[in-house]
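Each chain, letter by letter, is given below.
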Amino acid sequence: MKEAAAAATVCTVRGLVKTYPAARGRRGAPGTAAVRASDGIDLQVRRGEIFGLLGPNGAGKSTLVRQLTGLLRPDEGSVELLGHDLVRHPERAARLVGYLGQESTALDELTVSLAAETTGRLRGLGLRAARAERDAVLEELGLTDLAGRALKKLSGGQRRLACFAAALVGDRPVLVLDEPTAGMDPVARRAVWAAVDRRRAERGATVLLVTHNVIEAETVLDRVAVLERGRIIACDTPAGLKELVGDEVRVELVWRDEAPLHVPEVAALRDAAHPAGRRWTLRLAPAEARAAVAAVTGGPAFAALDDFTLTTPSLEDVYLALGGRADGLVKA
Amino acid sequence: MSAVSAEAVSGAVRTGSDSRPRSGGEDAAPLAPRAKLLPALAAVYRAQLSRAKVARIPLLFVATFQSVGIMIMMRGVVDGGDEARAVVAGSSVLVVAFVALNLLAQYFGQLRAGGGLDHYATLPVPPAAVVLGAAGAYASFTVPGTAVTAVVGSVLFKLPMGHLWVLAAVVPLSGAALAGLGAALGLLAPRQELATLGGQLGMSAALLLGVLPAAHMPAPIAYARDLLPSTYGVEALARTFDASPDWAVVAADLGVCAAVGVVSLAAATWAYRRAAVR
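As annotated in an unreviewed UniProt entry, chain B is Transporter from Streptomyces hiroshimensis. The Subcellular location (unreviewed entry) field of the UniProt record for chain B holds the comment "Membrane".

The name an unreviewed UniProt entry gives chain A is ABC transporter ATP-binding protein, with Streptomyces hiroshimensis as the organism. Turning to chain A, the UniProt record has this under Subcellular location (unreviewed entry): "Cell membrane".

Written as structure tokens, this is what we have:
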């Protein structure tokens, strides 16, 4: 019975509300209005899945994650993690969750090796166990050569990887990773996802991931919750979410300079386009997309065209279709 | 915090129903053990000490040069006796104030402003281990500078060095008092700049009220001097330049440092808890 329960839900969030109070303006700086950073969030994360929170900056991802790790008390609602009430006992989160936050201030002046070892010791490991795990994790992530360097002296991506290493020392059933691959090169990213997958396959770890990278979200996540202004506007598998936009195709047109609006075919596309500088993004039915591409590549518009792409829908399109502001999402 | 203490003490995985959280129901997962106070303190201490190599050595030089420079300047004004002792003792303890009070206040202010406290707050580590580990490390940074200053001062003012071993008590005790104050300032200040400002002011007070001979001070300033915990470290050290010091008074002075240390470190631990969970 216990196993059946464990197989189901790891984390249940109900009616979570967190409002940041209005800040009074100081000299020269205007005040800010109160922000409802979590606005009635309901969420279920299942055991062994990689669950993502996707949204642009300011959507409330980090605020939500901070409430799931006991760093922030919600104003209302409940958070249950592995059977523990984290609103009543926020301190228990530290004994259930390995957390990678966005900041590395606490570790910056330590060497990679000492950062990982100290974190392991503070996670309750003995000296020998902490060192053994440190060596194993640094090896796993390809950080052994950098072990003696201070985090401060590393590049942004390497530093992030070192912080990720520290987050892995001292086994936890749940990993909460706030933009773990920010600033990383592809090699480091692969090391991160391989390490995450290994923990899921071998130990049944559950991973809660914050990202604003749509490509990563599509390739890595089992399920994704899309956040917008403190609310979850959709929650499904990446494929399930994409079905929301049906078989629409995304057309991107990049003009050399101004869009040639004197060409009637181009002028006709204008209303459907989201312009961003020289770049137009359109979501069209396949037949319309073919016609549009034929129009801009065949006629007089071609002289003004710098580049064009035709792609199947991504989570970004889903995000736009759901009414989100996609400006903050990253596509790399 | 105390609801799960049964596990924390044994460090073992949950076995009995007594440690099962009331809110969690039957299938609550076992909690990983907490880090115990002393090993966690040792780990924080070691990590903090290692930071000295990266970032703090230049500042330790500054602290020492500042104190030696002050003594050289005072050499022209003071020619011996009680005043010389006060200058040497004050300059030595000033190194402690510079590092333990000023730099630690800045460190915690910066850690809090930069989100660095989250790292500790998401680890099952007792707050006291973080505060005491950092305070202990900063107090340790001051040892070489304080010793160098005391020896140079004794040579400069021709004071006996026979009782300088008392530094072994003066540095940790005034270090505890000032580091506790520094940590509390850094963690309580609503903004990072205010933490820095508080640390700087505290150090300036230790400089002015500790180094200048007390006999010439107007009454209100003398009271302020009595309120400053570093004063008792200065007095204890100054008394030991006597040929036969009154050890009871020295012990009483150091006792004040110890008491202030306990209170200020407790306050800093409380401030840490408050700052870590918002």
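(A) How the structure looks around the UniProt feature "domain: ABC-2 type transporter transmembrane" (unreviewed entry) in chain B. The UniProt record annotates "domain: ABC-2 type transporter transmembrane" (unreviewed entry) at residues 88-269 of chain B. Note that residues 88-269 of chain B is 80% helix and 0% strand, and that its end C-alpha atoms are spaced 33 Å apart.

(B) Broad picture of the nonpolar core. In terms of nonpolar packing, the biggest core is built from 169 residues, with Ala165 of chain A together with Leu104, Ala135 and Tyr138 of chain B touching the most fellow members. Ranked by the residues each element gives to this core, the list is headed by helix H3 (residues 81-113) of chain B, at 20 residues. When sequence neighbours within four positions are dropped, the list of residues in contact with tyrosine 138 of chain B reads Val99, Ala100, Leu103, Leu104 and Ala179 of chain B. If you look at the next biggest cluster of nonpolar residues, it comprises 12 residues, including Leu253, Leu269, Trp280 and Ala292 of chain A.

(C) The sheet that holds strand E8 (residues 206-211) of chain A, seen in detail. Residue and element names in this part refer to chain A. Read from one edge to the other, the open sheet built from 6 strands follows the order E6-E7-E8-E3-E9-E10, with strand pairing classed as mixed. Pairing within the sheet leaves two strands with one partner each, and these edge strands are strand E6 (97-100) and strand E10 (231-236). Neighbour-to-neighbour, the strand axes of the sheet open up by a mean angle of 15°, direction not taken into account. Where strand E7 (residues 174-178) and E8 come together, 5 bridges link them in parallel fashion. Looking across to E8, one finds that leucine 177 is bridged to leucine 209.

(D) Structural view of the interface of chain A and chain B. Listed by partner, the interface residues are 40 residues for chain A and 37 residues for chain B. At the level of elements, helix H1 (2-8), strand E5 (84-85), E6 and helix H3 (112-122) of chain A are the ones that each hand at least two residues to the side of chain A that touches chain B. Broken down by element, the residue count for the side of chain A that touches chain B peaks at 5 residues, all from H3 of chain A. Looking at the side of chain A that touches chain B residue by residue, the class counts come to 18 nonpolar, 9 polar and 13 charged.

(E) Structural view of the packing of helix H7 (residues 192-211) of chain B against helix H9 (residues 229-239) of chain B. Residues and elements named next belong to chain B. Two elements in contact, H7 and H9, have axes whose closest approach is 10 Å; the angle formed by their N-to-C orientations is 40°. In the packing of H7 onto H9, the handedness of the crossing is right-handed. Within the contact between the two elements, H7 uses Ala206, Leu209 and Gly210 and H9 uses Ser230, Thr231 and Val234. Residue classes in the contact of H7 with H9 are distributed as 3 nonpolar, 3 polar and no charged.

(F) Main features of helix H5 (residues 127-156) of chain B. Residue and element names in this part refer to chain B. In a regular helix each residue adds 1.5 Å, so 30 residues correspond to 44 Å; H5 covers 43 Å between its end C-alpha atoms and thus fits that length. Of all the bends in H5, the largest measures some 30° and sits at valine 143, one to four residues before the proline proline 144. Phi turns positive one or two residues past the end of H5, at lysine 158, with a value near 55°.

(G) The arrangement of the sheet that holds strand E13 (residues 279-284) of chain A in detail. Residues and elements named next belong to chain A. Read across the open sheet, the 4 strands follow the order E12-E13-E11-E14; overall the sheet is antiparallel. Bordering the open sheet on either side are strand E12 (274-276) and strand E14 (305-311), each of which pairs with just one other strand. The sheet shows a mean angle of 15° between the axes of neighbouring strands, taken without regard to direction.

The rules behind each value
Residues numbered from 1 in each chain as written. Chains lettered and ligands numbered in written order. Predicted model: local features only at pLDDT ≥ 70, side-chain atom pairs only at ≥ 80, totals over all residues. UniProt positions renumbered as here; feature names shortened; annotations may be inferred. Helix = DSSP H or I, 4+ residues; strand = E, 2+ residues; numbered from the N terminus. Core = buried A, V, L, I, M, F, W, Y, C linked by C-beta atoms within 7 Å. Buried ≥ 20, exposed ≤ 12 C-beta atoms within 10 Å, placed from the backbone. Contact = placed C-beta atoms within 7 Å. Pairing = 2+ DSSP bridges. Axes fitted to C-alpha atoms, helices over the stretch in contact; angles between N-to-C directions. Nonpolar A, V, L, I, M, F, W, Y, C, P; charged D, E, K, R; others polar. Left-handed = near helix turned anticlockwise from the far one by under 90°. Expected span 1.5 Å × (residues − 1). Bend = angle between axes of the 7 residues up to and from the residue.

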